[in-house]
Amino acid sequence: MKRKVLYFGGLLMVTTMMLVGCFKTKTVTVNNYFEVQGGTLVEKSMPEATSSNSVDVSMNSSVIAGGSSIVTVNSPATIKKVMVGVEDEYGYYEIAPNTTGTSFTFTLIVNQNINLGEEDTFPILVGVVDNSGNIYEIWRADIRLIEAGTGALQVSLSFNNAKDVDLHLFEPNGEHIYYGHRTSSNGGHLDLDSNAGCGIDNINNENITYDEEAYVEPGTYTVYVDLWSNCDPTIATDYVVSVFYGGSLISAQTGTNPYSGRFPVDAPSNYNNLSNIEPVMTFVIPDNGQKKVRSFEPEPLSESAREKMAMEE
């Protein structure tokens, strides 16, 4: 009798382990790459297309860790919801337009800790569901990850076509970080400057970072986005600014974080005349007892910066 009890006990344990294995929940991995502002993370595999209809998707082909990207989806029919995922990764984001239409724009926020290993691209997937429940052909594109700093404080700018759009940051002490003064005495550093003087590199991202040696001064910071030169006035330019502090998006004092804007068709070049434009955002860094331990020296001006400043004069 004892032998039978042991046998059936062992059989029950094996059966239980098999059932647990069958119902084991997969680990969502798509959020290792990005999140979708206003989207819901779905813990399922991204559905396959049920319709031969296709959609047109516009977004920056390059991103940076901790940066953002404006994504615009155009569909032949009314969009009920949009799905965003990464090929061969589990889970996807779902977002629904708040108005009825065939075009929808949303913001994708790249994970500060994104790690592609030896790769420098990842395959993004975008799908559309219409009001009848049809899933259109999945749009796929390889997105390039550009190296840029994250740090304790990161202010980044992304724009969706090749123009000279500049990121400007004013620190609480009034020091101005931009292409003409890339490193502040606090250590804030513009480490990515794209399409300078319409010398097109198609990176379409700019980034200011404060690494572990920098002093993130308490107080109010002000962010500007300047269309220095409208290299192609026949098209509009969408842009987005995001600010991470301590690994999270910081609340904006004025504006929003992320902040999305547009330079319309035929927008005039502004050539660093910040008096003509309004800041897109201000935010406040709290006083957590941080201390300034050193001052940083300014970098020599790049050739493109010298040329731009000469044109401004």
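See the structure shown above.
Residues numbered from 1 in each chain as written. Predicted model: local features only at pLDDT ≥ 70, side-chain atom pairs only at ≥ 80, totals over all residues. Heavy atoms only, no water.

S.K.: Explain the environment of threonine 99 to me, using residue names and the numbers behind them.
M.R.: Topologically, threonine 99 is positioned in the loop between β7 (92-95) and β8 (103-110). For threonine 99, a relative accessible area of 55% translates into the label exposed. (Helix = DSSP H or I, 4+ residues; strand = E, 2+ residues; numbered from the N terminus. Buried < 20%, exposed > 50% of the residue type's maximum accessible area, 1.4 Å probe, protein only.)

S.K.: Summarise the pairing of strand β10 (residues 139-146); cite the residues concerned and give the values.
M.R.: In this structure, strand β4 (residues 62-64) lies alongside β10, joined through three bridges in parallel fashion. The residue bridging serine 62 from the neighbouring strand is arginine 144, located in β10. The pairing of strand β9 (residues 121-130) with β10 spans six bridges and is classified as antiparallel. Bridge pairing links leucine 125 to arginine 140 in β10. (Pairing = 2+ DSSP bridges.)

S.K.: Can you lay out the state of the cysteines for me, pointing to particular residues and giving the numbers?
M.R.: If you walk through the whole model with that rule in mind, you get one disulfide. Disulfide partner of cysteine 198: cysteine 231, at an S-S distance of 2.0 Å. An S-S torsion of about -90° defines the bridge between cysteine 198 and cysteine 231 as left-handed. Taken as a pair, cysteine 198 in the loop between β14 (189-192) and β15 (205-210) and cysteine 231 in the loop between β16 (219-229) and β17 (237-245) lie far apart in primary sequence, 33 residues in all. (Disulfide = S-S within 2.5 Å.)

S.K.: So, the pattern of salt bridges: which residues are in play, and what are the values?
M.R.: For side chains bearing opposite charge, pairing can occur when the charged atoms are close. Taken as a whole and judged by the stated rule, the model has eight salt bridges. We note a salt bridge from arginine 140 to aspartate 142, for which the minimum N-O separation is 3.3 Å. Judged by its relative accessible area of 44%, aspartate 142 falls in the partly exposed class. Measuring nitrogen to oxygen at the nearest pair gives 2.6 Å for the salt bridge that ties arginine 306 to glutamate 303. Of the two residues, arginine 306 and glutamate 303 are both situated in helix α2 (residues 303-312); the distance of three residues between them amounts to about one turn of the helix. Exposure remark for glutamate 303: the relative accessible area of 46% places this residue in the partly exposed category. A network of salt bridges, in which partner residues are shared, links Glu87, Arg140 and Asp142. (Salt bridge = Lys/Arg side-chain N within 4 Å of Asp/Glu carboxyl O.)

S.K.: How would you summarise unusual backbone geometry if you had to cite specific residues and measurements?
M.R.: In this structure, the amide linkage connecting asparagine 257 to the following residue, proline 258, adopts the cis form with an omega of 0°. Along the polypeptide, proline 258 turns up in the loop between β19 (252-255) and β20 (259-263). With phi around 70°, aspartate 88 is a residue other than glycine that occupies positive phi space. Looking at the secondary structure, you find aspartate 88 in the loop between β6 (79-86) and β7. Here asparagine 195, not a glycine, exhibits a phi torsion of approximately 55°, which is positive. By the secondary structure assignment, asparagine 195 is in the loop between β14 and β15.

S.K.: Describe the packing of aromatic side chains, with residues and values.
M.R.: Taken as a whole and judged by the stated rule, the model has eleven aromatic pairs. With centroids separated by 5.8 Å and ring planes inclined at 35°, the aromatic side chains of phenylalanine 104 and phenylalanine 106 adopt a geometry described as tilted. Judged by its relative accessible area of 4%, phenylalanine 106 is buried. In textbook terms, an aromatic cluster arises when at least three aromatic residues are bridged by ring pairs, as seen for Tyr33, Phe34, Tyr93 and Phe122. Cation over ring: arginine 294 sits above phenylalanine 296, and NZ or CZ is 3.8 Å from the ring centre. Above the face of the tryptophan 228 ring, lysine 308 is positioned so that its terminal group lies 4.8 Å from the ring centre. (Phe/Tyr/Trp six-rings, centres within 6.5 Å; stacked < 30°, edge-to-face > 60°. Lys NZ or Arg CZ within 6 Å of the ring centre and 35° of its normal.)

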